[in-house]
Amino acid sequence: MPPPAAVTESRPSLAARILIGIFGAWCALFVAFFALAQVTAPNSVTRAELGMALGLALLWVGVCGGVMLVARRPLRAALRRLPLPWPATFALASISLALIEEAIATTMTNLAPLWGVPVGRAYITASAYYWEVVLYHSVVVFVPMLLTWAWLLTRWSFTPTAVFLLFGLTGTLGESLSFGPQNLLQMGFWVCIYGLMVWLPAGIAPADRPARRPGIGAHLLAVTLPIVAAIPVVIVLLSLHPPQHPFPPITP
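Rules and cut-offs
- Residues numbered from 1 in each chain as written.
- Predicted model: local features only at pLDDT ≥ 70, side-chain atom pairs only at ≥ 80, totals over all residues.
- Heavy atoms only, no water.
- Core = buried A, V, L, I, M, F, W, Y, C linked by side-chain atoms within 4.5 Å.
- Buried < 20%, exposed > 50% of the residue type's maximum accessible area, 1.4 Å probe, protein only.
- Contact = heavy atoms within 4.5 Å.
- Helix = DSSP H or I, 4+ residues; strand = E, 2+ residues; numbered from the N terminus.
- Polar contact = N/O pair within 3.5 Å; in protein donor to acceptor, adjacent residues only side chain to side chain.
- Phe/Tyr/Trp six-rings, centres within 6.5 Å; stacked < 30°, edge-to-face > 60°.
- Lys NZ or Arg CZ within 6 Å of the ring centre and 35° of its normal.

A. How the structure looks around the nonpolar core. Trp60, Trp149 and Phe158 are the most contacted members of the largest nonpolar core, which totals 64 residues. Here Trp60 is in contact with Gly65, Met68, Leu97, Ile100, Glu101, Ile104, Cys192, Ile193, Leu196 and Met197, once residues within four sequence places are set aside. Counting residues in each nonpolar core, the second largest holds eight residues, with Ala48, Met52, Met108 and Ala112 among its members.

B. Molecular detail of the side chain of Thr125. Inspection of the secondary structure assignment puts Thr125 in the loop between helix 4 (86–110) and helix 5 (130–136). In this structure the side chain of Thr125 is engaged in a polar contact, spanning 2.7 Å, whose partner is the backbone oxygen of Ser127.

C. Representation of the packing of aromatic side chains within the structure. All told, the structure shown has 13 aromatic pairs when counted by the stated rule. On the numbers, 5.0 Å between centres and 70° between planes, the contact of Tyr130 with Trp131 is edge-to-face. Of the residues examined, Trp131 reaches a relative accessible area of 55% and is grouped as exposed. Judged by centre distance (5.2 Å) and plane angle (70°), the rings of Trp149 and Phe158 are edge-to-face. Three or more aromatic residues joined by ring pairs make a cluster, and in this case those are Phe30, Phe33, Phe34, Phe142, Phe167, Phe189, Trp190 and Tyr194. Across from the ring centre of Trp199, 4.6 Å away, lies the NZ or CZ of Arg76, which sits over that ring. One residue, Arg155, lies across the ring of Trp156, its end atom 5.8 Å from the ring centre.

D. Main features of the side chain of Glu175. Position of Glu175 among the secondary structure elements: in helix 7 (residues 160–179). Contact partners of Glu175, with chain neighbours within four places excluded, come to Gly180, Asn183, Trp190 and Tyr194.

E. Layout of the environment of Pro181. Mapped onto the elements, Pro181 comes out in the loop between helix 7 and helix 8 (187–195). Judged by its relative accessible area of 60%, Pro181 falls in the exposed class.

F. Region of interest: helix 8. The buried count for helix 8 comes to nine of nine residues, which makes it a mostly enclosed element. Within helix 8, the full set of buried residues consists of Met187, Gly188, Phe189, Trp190, Val191, Cys192, Ile193, Tyr194 and Gly195. Looking at the buried positions of helix 8, the neighbouring elements they touch are helix 1 (14–40), helix 2 (44–70), helix 4, helix 6 (139–155), helix 7 and helix 9 (199–202).

Next up, the structure:
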């Protein structure tokens, strides 16, 4: 197998840097809100939920995101050495990162007793059981979305920063469609949560691949097509595994 093509990491455009700054500040604002509200919350259930969201943000965005940022070059070099076509490596790496993010979220749900409430009284995942979460609720739906991005990167030369922002917007849209439009207020938070699933792997795409420069249409397609690709999986899940939330509704 020939060695992988060299990849030159181009500097993000000014517009991309501005958007990263906006969403980063937006996420930081919500993290600060989670921290403050958790301290001042009137009851243990609300404190637990806010603490879980804060833990997810700190561990996934802060710790994991920081590691990916600092070690991006050696990590991407290691991914390029895998004996797989780069789109397959991108998909597998992104799915692996999604699994890590859900492991952190499920751990937060299981840490409910730290806030003085039993597991299931407050939660941020659909179940306290990791494999039930990823196989019936979250990552199983992400798989077609990430496979779609593997294809998109073969057609258009999106930068890793653009992939971060676009998949983050897709995640925000998905959260809003699934759980209500109030999630739009947390757009900065969701952009960082979802964007980190794809940012590091997107950097392994060869710079000399036969891909076109994306225009407005390609950007709109990149936000919406992953959701369209996930719809058949959602339909199958609803037919084979109707939603049966193991937890009671959260009430203060």
